[in-house]
Amino acid sequence: QVQLVESGGGLVQAGGSLRLSCAASGSTFIINTMAWYRQAPGKQRDLVAAVLSGGSTNYADSVKGRFTISRDNAKNTVYLQMNSLKPEDTAVYYCAAFGIQSGAGRFNSWGQGTQVTVSS
């Protein structure tokens, strides 16, 4: 299995910034896509941003211009820089990775989630 460990959540005032990190570990795998999702109380889990192995990115309209996703392929790590945070960004943020693992085939792995709370 490919495990994901997230870090960097917390409490911040509106207009502030946070940086989330997510590191993948396991045996012999290739990650095609790394992404961040979020889930607010009572709502479904939605895609926030994704980055492909070649560097292409896509973002939810609600975070364009404020959030930046990046990845370090050598470290199998993905980052989410969140600027100009708004109270509506409050949610549990989940890291996800999609790829292929030797001996296991395709995989999709999820982190445990990290809470981001933006106060007004």
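S.K.: I tried to follow the nonpolar core on my own but got confused; where do I start?
M.R.: Note that soluble globular proteins tend to have their nonpolar side chains buried in a common cluster. Trp36, Val48, Phe67, Val78, Leu80, Met82 and Tyr93 are the most contacted members of the largest nonpolar core, which totals 29 residues. Elements with a minimum of two residues in this core: strand 3 (18-25), strand 4 (29-39), strand 5 (46-52), strand 7 (67-72), strand 8 (77-82), strand 9 (91-101) and strand 11 (114-119). For Val78, the residues in contact, after removing those within four places along its chain, are Leu20, Ser21, Cys22, Met34, Trp36, Val51, Ile69, Ser70, Arg71 and Cys95.

S.K.: Got a minute to help me understand the environment of Arg71 in this structure?
M.R.: Within the secondary structure layout, Arg71 lies in strand 7. Under the relative-accessibility criterion, Arg71 is labelled buried at 17%. Taking C-alpha positions, Arg71 is 9.3 Å from Ser21, a pair spaced 50 residues apart along the chain. Among the polar contacts made by the side chain of Arg71, one reaches the main-chain carbonyl oxygen of Asn32 at a distance of 3.1 Å. Within the local environment of Arg71, its side chain forms a polar contact with the side chain of Asn73, the two groups lying 2.6 Å apart.

S.K.: I'm lost on the packing of aromatic side chains in this one. Help?
M.R.: Each aromatic ring pair is specified by the distance between its two centres and by the angle formed by the two planes. Inspection of the entire model under this criterion finds three aromatic pairs. Measuring from ring centre to ring centre gives 4.9 Å for Tyr37 and Trp110, while their planes differ by 55°; the resulting arrangement is tilted. Residue Tyr37 is located in strand 4, and its partner Trp110 is located in strand 10 (residues 105-110); the two are separated by 73 residues in the primary sequence. Accessibility expressed as a relative area gives 33% for Trp110, which makes it partly exposed. Taking 6.3 Å as the distance between ring centres and 85° as the angle between the ring planes, the aromatic pair formed by Phe98 and Trp110 counts as edge-to-face.

Scoring rules and cut-offs
Residues numbered from 1 in each chain as written. Predicted model: local features only at pLDDT ≥ 70, side-chain atom pairs only at ≥ 80, totals over all residues. Heavy atoms only, no water. Core = buried A, V, L, I, M, F, W, Y, C linked by side-chain atoms within 4.5 Å. Buried < 20%, exposed > 50% of the residue type's maximum accessible area, 1.4 Å probe, protein only. Helix = DSSP H or I, 4+ residues; strand = E, 2+ residues; numbered from the N terminus. Contact = heavy atoms within 4.5 Å. Polar contact = N/O pair within 3.5 Å; in protein donor to acceptor, adjacent residues only side chain to side chain. Phe/Tyr/Trp six-rings, centres within 6.5 Å; stacked < 30°, edge-to-face > 60°.

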